[in-house]
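# Overview (structure and organization)
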Amino acid sequence: MNDQPHTEPTERLEPPTPPPDDGPRRLTRSRRDRMVAGVAGGLGRYFAVDPVIFRIGFAVSIFFGGLGVLAYAVLFLFVPSEPAEGEEEAVAPIQRSGWLRVALGVVVVLAAMSAIGSLVFWDGNWGDRFWGIAWLAIVALLAAAAYSYLRDRDRPVRGGALLAAIALGFLAAIGLGILALASAFAGATGSGAVVAGVVIVIGLMLIVAAFRGGARWLIAPALALAVPLALVSAADVSFGGGVGQRDYAPTSPAAIPDDGYELGIGRIVVDLRGLDWQPTSVVHADIDLGIGQAIVAVPENVCVSAVAETKAGDLDIAGSDSDGFDVFTDGVGPTPATPRLELDAEVDVGQLRVLNDNDVDVEEGHFHRGEIDVADSAMRDLQERACAS
Amino acid sequence: MQSGVDRVSLASGAALLVLGVLLLLEQEGTLDLGFNLLTALVAAALGTILLISGLSDD
């Protein structure tokens, strides 16, 4: 024991720094006890429980809807890793990177577009709404990009720099949009293999460039090529028949082309109500549409026997509606009822509507003119009656 | 992994390479992945690239 009085100068007698464990306990991901991202290790330390228990819980959750995996991902994003040696404060990944915010923003915007689009896309007047949502998404992405670009700058944000960033983003979006359209067009016209080859080459270039400093600027154009091609391939879209609006109103069965009606993108209307229907008439019609809406109109006394399919969209045949992905319907199936329309339709992405109503105005459904308003229940009743005859 | 490697470029390149090969096989008719699987693969590739980009420190 030292009996000498304390002789340290008073100016050095600062209040002691509170030990770290005096503050609220902080959940961090473990650096030393980690198998993936240290989430289970951090939880184990926080709750004073063996981390293996959490690991087993996360693993088992995979077989119950994957909720644990989602929870793990959220914890990974929002819980910081414990500070490394010499590091003052741990920062969660979501705070560390502006790009992550942009990435999450993109995902959220796309999810929102998907959700909203599924609600409003096919109710007739989808053109306005789709582009409205698309523009909203573009503006959101440009704002996110501009924010990300300017966020970490020391100097205050200037209007000129912001405008320049937005203009650059806008030009980039236009360029990528052109690439995407070209890719989709190539995929739908049988030249998709070339685009796939370009994507492979860019992938290889990125891998090689990764060891020489990277070439991240290649990622966006590669995605602009790959994603539309994949979607067009997935939907098996064919652009044969052109683009636009097609209206047909044959007056005799002979006027219906043997190889059917075909359109790549747009709206096709086949109005068969002016046809010379006899009590024993059996008329066959084929429709092949890539992307868009197909309308077929028949008189109320005609039984519609339709074999129709869509990769993604809506089949509404004489009041019987079904939608989703890979939708197929064989309508009423083989029937001897006459007069009868035997329809063979394929709409890759979009909607097929068969209207058995004498008075419906098929022009109503044109872009910007609103939805064709016909009661499904009434059409179903008419169809039942026609097919029972 | 060595420190000089740009992980974003590497992961993106790998994801695009796999996606490109699958698309080529699909276009050539060797594979028929179907709508659900192909769109899921696209989402997986996009998600991988976005996450790697977002989580990158630099």
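Structural notes, computed from the coordinates. Please read all numbers here as calculations on a predicted model, not as lab measurements. (Residues numbered from 1 in each chain as written. Chains lettered and ligands numbered in written order. Predicted model: local features only at pLDDT ≥ 70, side-chain atom pairs only at ≥ 80, totals over all residues. Heavy atoms only, no water.)

## A few points about the overall build of chain A
As a reminder, the rule being used: Here a helix means four or more residues in a row that DSSP labels H or I, a strand means two or more in a row labelled E, and each is numbered from the N terminus. Relative accessible area decides the class of each residue, using a 1.4 Å probe on protein chains only: under 20% of the type maximum gives buried, over 50% gives exposed, and in between gives partly exposed. Surface accessibility in these figures is a Shrake-Rupley result with a 1.4 Å probe; residues are shielded only by whichever protein chains are displayed.
Assigned secondary structure in chain A consists of 10 helices and 6 strands. Residue burial in chain A is summarised as follows: out of 389 residues, 41% are buried. With the model as given, the accessible surface of chain A reaches about 21600 Å², and the carbon-plus-sulfur share is 62%.

## Considering the environment of Leu46 of chain B
The following threshold applies: Throughout, a contact is declared for two residues whenever any of their heavy atoms are within 4.5 Å.
Secondary-structure assignment places Leu46 of chain B in helix α2 (residues 34-55). Overall, Leu46 of chain B belongs to the partly exposed group, its relative accessible area being 24%. When near neighbours in sequence (up to four residues on either side) are disregarded, Leu46 of chain B contacts Leu223 and Val227 of chain A.

## Focus on the side chain of Asp271 of chain A
Residue and element names in this part refer to chain A. Quick reminder of the rule: We call two N or O atoms a polar contact when they sit within 3.5 Å, provided that within protein one can donate a hydrogen and the other can accept it, with sequence-adjacent residues counted only if both atoms are side-chain atoms.
Among the structural elements, Asp271 can be located in strand β2 (residues 261-271). Classification of Asp271 as buried rests on a relative accessible area of 16%. There is a polar contact of 3.0 Å between the side chain of Asp271 and the side chain of Arg273. In this view, Asp271 contacts Tyr248, Ala249, Pro250, Ala297 and Val362; residues no more than four positions away in its chain are not counted.

## Concerning the state of the cysteines
Residue and element names in this part refer to chain A. Filter applied, for reference: Any pair of cysteine sulfurs within 2.5 Å is marked as a disulfide.
Summed over all chains, the structure comprises 1 disulfide over all chains. Note that Cys303 is cross-linked by a disulfide to Cys387, the S-S spacing being 2.0 Å. Because the torsion about its S-S bond is 90°, the bridge between Cys303 and Cys387 counts as right-handed. Note that Cys303 is positioned in strand β4 (residues 303-317) and Cys387 in helix α10 (residues 376-388), a separation of 84 residues in sequence. The exposure class of Cys303 is buried, given its relative accessible area of 0%.

## Concerning the sheet that holds strand β6 (residues 340-355) of chain A
Residue and element names in this part refer to chain A. Spelled out, the test is: Paired strands, as defined in this entry, are two strands with at least two bridges between them according to DSSP. Axes here mean lines fitted to C-alpha atoms, for a helix over just the part in contact, with angles spanning 0 to 180 degrees between N-to-C directions.
Pairing is mixed in the open sheet, where 6 strands are placed in the order β1-β2-β3-β6-β4-β5. The sheet is open, and its two borders are formed by β1 (243-248) and β5 (320-329), each paired with just one other strand. Neighbouring strand axes in the sheet, compared pairwise and without regard to direction, differ in orientation by 25° on average. α10 contacts β4, β5 and β6 of the sheet and is inclined by roughly 140° relative to β4.

## What to know about the interface of chain A and chain B
Rules: Put simply, buried area is the surface a 1.4 Å probe can reach on two separate parts but cannot reach once they are joined, added for both. Think of a salt bridge as a Lys or Arg side-chain nitrogen and an Asp or Glu carboxyl oxygen that are within 4 Å of each other.
In this complex, chain A contributes 40 residues to the contact, which on the side of chain B involves 35 residues. Where chain A abuts chain B, roughly 3100 Å² becomes buried across the two surfaces, and 75% of that area is made up of carbon and sulfur atoms. Viewed at the interface, chain B and chain A are joined by 1 salt bridge. Counting the contacts that link chain A with chain B gives 4 residue pairs in polar contact (both at pLDDT 80 or more). Taken together, the elements giving at least two residues each to the side of chain A that touches chain B come down to α3 (67-78), α4 (93-96), α5 (98-120), α8 (192-210), α9 (219-235), β4 and β5 of chain A. With 11 residues, α9 of chain A is the largest single contributor of residues to the side of chain A that touches chain B.

## Focus: the pairing of β5 of chain A
Looking at chain direction, β4 of chain A and β5 of chain A are connected through 9 bridges and run antiparallel. Looking across to β5 of chain A, one finds that Ile317 of chain A is bridged to Ser320 of chain A.

## Here's the deal with a nonpolar patch on the surface
The condition that has to hold: Put simply, a patch holds well-exposed residues, over 30% relative accessible area, that have no salt bridge, with like charges counted together within 9 Å and Val, Leu, Ile, Met, Phe, Trp or Tyr side chains within 5 Å.
Taken together, the side chains of Phe170, Leu171, Ile174 and Ile178 of chain A make up a nonpolar region of the molecular surface, amounting to roughly 380 Å² of accessible area. Locating Leu171 of chain A in the fold gives a position in helix α7 (residues 159-188).

## Quick word on the packing of aromatic side chains
Residues and elements named next belong to chain A. Rule in force here: Two aromatic rings from Phe, Tyr or Trp, using only the six-membered ring of Trp, form a pair when their centres are within 6.5 Å; if the ring planes differ by under 30 degrees the pair is stacked, by over 60 it is edge-to-face, and anything between is tilted.
Evaluated as defined, the whole model comprises 3 aromatic pairs over all chains. On the basis of an interplanar angle of 85° and a centroid distance of 5.0 Å, the ring pair of Tyr46 and Phe47 is categorised as edge-to-face. Overall, the relative accessible area of 23% leaves Tyr46 in the partly exposed class. The class of Phe47 is partly exposed, set by a relative accessible area of 46%. Residues Tyr248 and Tyr261 carry aromatic rings whose centres are separated by 4.6 Å and whose planes lie at 40° to one another, so their mutual orientation is tilted. With Tyr248 in strand β1 and Tyr261 in strand β2, this residue pair connects regions lying 13 residues apart in the sequence. Given the relative accessible area of 5%, Tyr261 is considered buried. Following the ring pairs from residue to residue traces out a cluster consisting of Tyr46, Phe47 and Phe54.

## What about the pattern of salt bridges?
Here the structure, examined in full by the defined rule, presents 7 salt bridges over all chains. Note that Asp271 of chain A and Arg273 of chain A form a salt bridge whose closest N and O atoms lie 3.0 Å from each other.

## A closer look at a negative patch on the surface
Worth spelling out the cut-off: Charge counting treats Lys and Arg as positive and Asp and Glu as negative, with His and both chain ends excluded. Taken as the charge location is NZ of Lys, CZ of Arg, CG of Asp or CD of Glu.
Taken together, Asp236, Glu309, Asp326 and Asp344 of chain A together with Asp32 of chain B make up a surface patch of like negative charges. As for its position among the elements, Asp326 of chain A is in strand β5. Look at Asp326 of chain A and you get partly exposed, because its relative accessible area is 42%.

## A look at helix α1 (residues 7-28) of chain B
The criterion, for reference: In this analysis, the expected span of each helix is defined as 1.5 Å times one less than the number of residues it contains.
For α1 of chain B, which comprises 22 residues, the first-to-last C-alpha distance of 31 Å matches the rise-based estimate of 32 Å (1.5 Å per residue) to within 8%. Within the span of α1 of chain B, buried status applies to Val8, Ser9, Leu10, Ser12, Gly13, Ala15, Leu16, Leu19, Gly20, Leu22, Leu23 and Glu26 of chain B.

## Comments concerning the nonpolar core
Grouped burial of nonpolar side chains is what soluble globular proteins tend to show. Which entries qualify depends on this criterion: Side-chain atoms within 4.5 Å link the members of a nonpolar core, which is a set of buried Ala, Val, Leu, Ile, Met, Phe, Trp, Tyr and Cys residues.
Counting residues in each nonpolar core, the largest one holds 37 residues, and the members touching the most others are Leu16 and Leu23 of chain B. Broken down by secondary-structure element, the contributors of at least two residues to this core are α7, α8 and α9 of chain A together with α1 and α2 of chain B. Contacts of Leu23 of chain B, omitting those with residues within four sequence positions, involve Ala196, Ala226, Leu229, Ala230 and Ser233 of chain A together with Leu38 of chain B.

## Examining the side chain of Ser233 of chain A
Relative to the elements of secondary structure, Ser233 of chain A occurs in helix α9. Judged by relative accessible area, Ser233 of chain A falls into the buried class, the value being 8%. Ser233 of chain A has contacts with Leu23, Glu26, Gln27 and Leu38 of chain B, leaving out every residue within four places of it along the chain.

Limitation: the analysis is restricted to geometry and does not speak to function.
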